[in-house]
Amino acid sequence: MNHTIFAVACAALSKMLRLRSSIFNLIHILWLFTASDIKTILVPVSVFAYGVAPTPDSSHAIQASLWIWLHLLHFNISNQVIGIAEDEQNKSYRPLTSGRITIQHARVLQRVLFAVCIVQSYGYSIQVVFASVALLTLTFAHNELGGHAHFVARNLLNSGGISCFEWGATLVAGSSPHGLDQVAQRAICVNAVIIFTTIHAQDFKDIKGDMVMNRSTLPIMYPRQSRKTILPGLCIWTLLCCKVWEVNYIASFPLALLAIWVGLRFFFLTTMKNDEFSYVLYNIWMVAIYLLPAYWRLGVEKKGLQSRP
């Protein structure tokens, strides 16, 4: 009798350990799908959404990040399924190239996530659903329809996709998910143009993989000229954004220095390792740009309200 109880207990413990191992393995796989975009999408857009929301709710900050992450996971699975050859060159640690998950299972996960994203968004408002559907549609156009192959469509879809991330996350981060005020709308529109004109900064470090995928990115088609555009692009946008958001000279100066540093790095330091670090700095610059509307709300808008009779 004691031997039977011991055997049953051991079997139950073994099942629990296998289940625990499977859960941790799944979490690790999901993390690897999105790991490279934590610094480029999840963190910057989370910062933007909470800073620009008309009435930010601290209890919604994590919810906004979760909304971003689920849509990012869906995008990355879709993108990595069609880009295995590219990832073998650039990111061999990813789940598909490392053999942690099959293409068939990844496709099933992608379909499940499509439904999860819609249902999650419906829990907030129809406006959040619109942002989700727009983002999922742009994901399909970018990946399955081949919009990633040419720099014009690629930049447009990247710009539109990130704008949808900002749109949905800002709605979720606020106390009311039913609409955005003019400040939030203006910020999203300004960011969309910035991203369209500068997002090719991400393509320098991925040239080998993009060539395998037969993509026509700006760094591949115009290697020298595209590097020359980063410095003036970042400097011009820094000045314009500081003007739009009424940033004082003291606050503008370090942001301008960062823009100059990033632009000069892209032009003079052209190895893949240097391009990877330059892109990290580009994302830091973007986070700073994302914070400017919050600066306006906390400073200029607040002073304006206080001065009213």
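Here, every reference points to the structure presented above.
Thresholds, definitions, all that
- Residues numbered from 1 in each chain as written.
- Predicted model: local features only at pLDDT ≥ 70, side-chain atom pairs only at ≥ 80, totals over all residues.
- Heavy atoms only, no water.
- Helix = DSSP H or I, 4+ residues; strand = E, 2+ residues; numbered from the N terminus.
- Expected span 1.5 Å × (residues − 1).
- Buried < 20%, exposed > 50% of the residue type's maximum accessible area, 1.4 Å probe, protein only.
- Phe/Tyr/Trp six-rings, centres within 6.5 Å; stacked < 30°, edge-to-face > 60°.
- Axes fitted to C-alpha atoms, helices over the stretch in contact; angles between N-to-C directions.
- Parallel < 35°, antiparallel > 145°, perpendicular 65-115°, else oblique.
- Left-handed = near helix turned anticlockwise from the far one by under 90°.
- Contact = heavy atoms within 4.5 Å.
- Nonpolar A, V, L, I, M, F, W, Y, C, P; charged D, E, K, R; others polar.
- Polar contact = N/O pair within 3.5 Å; in protein donor to acceptor, adjacent residues only side chain to side chain.

(A) Structural detail: helix α7 (residues 151-173). For α7, built from 23 residues, the straight-helix expectation of 33 Å at 1.5 Å per residue is met to within 8% by its first-to-last C-alpha distance of 32 Å. Across the 23 residues that make up α7, a large majority, 18, are buried.

(B) Structural detail: the packing of aromatic side chains. Tallying each qualifying case throughout the model produces seven aromatic pairs. Relative to Tyr290, the ring of Phe48 lies with its centre 5.1 Å away and its plane at 55°, an arrangement referred to as tilted. Of the two residues, Phe48 is situated in helix α2 (residues 38-52) and Tyr290 in helix α13 (residues 272-307); the sequence distance between them amounts to 242 residues. Judged on exposure class, the residue Phe48 and its partner Tyr290 are both buried. Put simply, the rings of Tyr279, Tyr282 and Trp285 touch in pairs and so form one group of aromatic residues.

(C) Up close: unusual backbone geometry. One non-glycine residue, Asn214, lies in positive phi territory at about 60°. Tracing the backbone through its elements, the reader meets Asn214 in the loop between α9 (207-212) and α10 (218-221). Positive phi values are uncommon outside glycine, yet Glu246 reaches one of about 55°. Secondary-structure assignment places Glu246 in the loop between α11 (223-244) and α12 (249-268).

(D) Fine view of the packing of helix α3 (residues 61-82) against α7. Relative orientation of the contacting elements α3 and α7 amounts to 150°, with a least axis distance of 8 Å. Looking at the two axes, α3 sits roughly antiparallel to α7. The hand of the α3/α7 crossing is right-handed. Of the residues in α7, those in contact with Gln63, Ala64, Trp67, Ile68, His71 and Leu72 of α3 are Cys164, Phe165, Gly168, Ala169, Val172 and Ala173. Split into classes, the residues belonging to the contact of α3 with α7 amount to nine nonpolar, three polar and no charged.

(E) Structural context of α11. Taking 1.5 Å per residue as the helical rise, α11 with its 22 residues ought to reach 32 Å, and the 32 Å between its terminal C-alpha atoms agrees with that figure. Within the sequence span of α11, burial applies to Ser226, Arg227, Ile230, Gly233, Leu234, Trp237, Thr238, Cys241 and Cys242.

(F) A look at the packing of α2 against α3. Viewed as axis vectors pointing N to C, α2 and α3 meet at an angle of 140°, and their least axial separation amounts to 10 Å. Classified by the angle between their axes, α2 and α3 sit oblique to one another. The two elements α2 and α3 meet at a crossing, and its hand is right-handed. On the side of α2, the interface is formed by Ile41, Leu42, Val45, Ser46 and Tyr50, while α3 contributes Ala61, Ser65, Ile68, Trp69 and Leu72.

(G) Just the side chain of Thr238, in detail. Looking at where Thr238 falls in the secondary structure, it is placed in helix α11. Within the structure, Thr238 has its side chain in polar contact with the side chain of Trp285 (distance 3.0 Å).

(H) Structural detail: the environment of Leu96. Considering the arrangement of structural elements, one finds Leu96 in the loop between α4 (84-90) and α5 (103-122). Exposure remark for Leu96: the relative accessible area of 12% places this residue in the buried category. Remark: the alpha-carbon pair of Leu96 and Phe33, spanning 63 residues in sequence, is separated by 8.8 Å.

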